[in-house]
Amino acid sequence: MNGMDDIDEALTRLARAPVPALDGLEARVLAQIAMPRAAQAGFGVGAITIAALAIGMIGAGFPASPSTAAPLSPFGANSPLAPSTLLAGAQ
């Protein structure tokens, strides 16, 4: 079977499927919208918050090694970012 036959078969099955009852759909949707967000979120948001706090506290406990940044001026004499260096390339 090629791809078009699969699509045709799937569309035929979809056309023959029973149509769900739409009675009360609006009331169910409005009830979900009216439900407070905290009740919808449940346990997931609390667990994610606790995990994020734990990761932040653990990460703060391991200090990074200090590094020094080399000054880089785009218009200095030997700057790799100077327009003449960028246009002419390294020679």
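Definitions and limits used
- Residues numbered from 1 in each chain as written.
- Predicted model: local features only at pLDDT ≥ 70, side-chain atom pairs only at ≥ 80, totals over all residues.
- Heavy atoms only, no water.
- Helix = DSSP H or I, 4+ residues; strand = E, 2+ residues; numbered from the N terminus.
- Buried < 20%, exposed > 50% of the residue type's maximum accessible area, 1.4 Å probe, protein only.
- Areas by Shrake-Rupley, 256 points an atom, 1.4 Å probe, with all protein chains shown as cover.
- Patch = residues over 30% accessible without salt bridge, like charges linked within 9 Å, V, L, I, M, F, W, Y side chains within 5 Å.
- Salt bridge = Lys/Arg side-chain N within 4 Å of Asp/Glu carboxyl O.
- Lys, Arg positive; Asp, Glu negative; His and termini not counted.
- Charge placed at Lys NZ, Arg CZ, Asp CG, Glu CD.

Peer 1: So what exactly am I meant to see when it comes to the overall build of the protein here?
Peer 2: Across its full length, the protein holds five helices and zero strands. The helix and strand sequence of the protein, counted from the amino end, reads α-α-α-α-α. Within the protein, the proportion of its 91 residues that are buried is 2%. Roughly 8300 Å² of accessible area belongs to the protein as shown, and the carbon and sulfur atoms make up 69% of that amount.

Peer 1: Which parts of the structure should I look at to understand a negative patch on the surface?
Peer 2: On the surface, a cluster of negative charge is contributed by Asp5, Asp6, Asp8 and Glu9. Relative to the assigned elements, Asp5 resides in helix H1 (residues 3-16).

Peer 1: Help me out: how do you make sense of a nonpolar patch on the surface in this one?
Peer 2: Together, Leu22, Leu25, Val29, Leu30 and Ile33 give the surface a local cluster of nonpolar side chains, amounting to about 490 Å² of exposed area. Residue position: Ile33 is located in helix H2 (residues 25-34). Judged by relative accessible area, Ile33 falls into the exposed class, the value being 60%.

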